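A look at the structure
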Amino acid sequence: MHEHYKEDLSLEFLAKNFYISSYYLSHQFKNITGFTLNNYIQMTRIRNAQQLLLTTDMNVTHISESCGFSSFSQFNRTFNKYCDASPTKYRACKGLNSMKSIKRID
């Protein structure tokens with residue numbers, strides 16, 4: 001997932017590629033990681049977006065596209081959900097205390 005986070009990943013797609021049921025994959029993933037598959041994919045994308053925001057001068061729309069978000073509004077909502085700040089504010093504040101840059105969503 002860390003190599004393919006830019007792609008359109010879904011529970012059904014992954015289950016099919018691993019030849020297991022989506023129900024089994026979903027439950028095993030949650031039991032092992034403590035996260036739902038969707039939350040884990042979102043967090044991976046957000047972590048990569050954070051890195052790009054702090055280390056490049058790419059515009060925020062391009063970052064959202066390069067991190068696998070289907071729209072800028074989806075990226076903005078997801079970023080706010082995990083970071084309690086917009087991507088632009090996060091960049092302007094140099095990571096907003098990067099020790100607490102992603103909150104856990106259950």
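Residues numbered from 1 in each chain as written. Predicted model: local features only at pLDDT ≥ 70, side-chain atom pairs only at ≥ 80, totals over all residues. Heavy atoms only, no water.

It is worth spelling out the overall build of the protein at this point. Per the secondary structure count, the protein includes six helices and zero strands. Traced from its N-terminal end to its C-terminal end, the protein shows the element sequence α-α-α-α-α-α. Residues counted as buried form 33% of the 106 residues belonging to the protein. Intrachain contacts of the protein at a sequence separation of at least 6 include 50% that bridge at least 24 residues. Total accessible area computed for the protein in this model is approximately 6,900 Å², and 52% of it derives from carbon and sulfur atoms. (Helix = DSSP H or I, 4+ residues; strand = E, 2+ residues; numbered from the N terminus. Buried < 20%, exposed > 50% of the residue type's maximum accessible area, 1.4 Å probe, protein only. Contact = heavy atoms within 4.5 Å. Areas by Shrake-Rupley, 256 points an atom, 1.4 Å probe, with all protein chains shown as cover.)

We now examine unusual backbone geometry. In terms of backbone geometry, most residues other than glycine have negative phi values and most peptide bonds are trans. The residue Tyr19 is not glycine, and still its phi comes out positive at about 60 degrees. Relative to the elements of secondary structure, Tyr19 occurs in the loop between helix H1 (11-18) and helix H2 (22-33). Positive phi is not limited to glycine here, since Asp84 has a value of about 55 degrees.

Attention shifts here to the packing of aromatic side chains. For the structure shown, the criterion picks out six aromatic pairs. Seen from their ring centres, Phe79 and Tyr90 are 5.3 Å apart, and the 75 degrees between their planes marks the pair as edge-to-face. Of this pair, Phe79 sits in helix H5 (residues 72-83) while Tyr90 sits in helix H6 (residues 87-92), and the two are eleven residues apart along the sequence. One exposure class covers both Phe79 and Tyr90, and it is buried. Counting every residue linked through ring pairs, the aromatic cluster contains Phe69, Phe72, Phe75, Phe79 and Tyr90. Positioned above the aromatic ring of Phe69, the side-chain terminus of Arg45 is 6.0 Å from the ring centre. (Phe/Tyr/Trp six-rings, centres within 6.5 Å; stacked < 30°, edge-to-face > 60°. Lys NZ or Arg CZ within 6 Å of the ring centre and 35° of its normal.)

Turning next to the nonpolar core. With 14 residues, the main nonpolar core has Ile46, Leu53, Ile63, Phe75 and Phe79 as its most contacted residues. Within the residue set of this core, elements represented by two or more residues are helix H3 (37-55), helix H4 (60-66) and H5. Setting aside residues up to four positions removed in sequence, Leu53 forms contacts with Val60, Ile63, Phe79, Pro87, Tyr90 and Arg91. (Core = buried A, V, L, I, M, F, W, Y, C linked by side-chain atoms within 4.5 Å.)

When two helices pack together, you describe them by how their axes are tilted relative to each other and by the distance separating the axes. At a closest axis distance of 9 Å, the pairing of H1 and H2 adopts a crossing angle of 100 degrees. Overall, the two elements H1 and H2 adopt an arrangement that is roughly perpendicular. Contacts between H1 and H2 involve Leu11, Leu14 and Ala15 from the first element and Ser22, Leu25 and Ser26 from the second. Its residues assigned to classes, the contact of H1 with H2 comprises four nonpolar, two polar and no charged. (Axes fitted to C-alpha atoms, helices over the stretch in contact; angles between N-to-C directions. Parallel < 35°, antiparallel > 145°, perpendicular 65-115°, else oblique. Nonpolar A, V, L, I, M, F, W, Y, C, P; charged D, E, K, R; others polar.)

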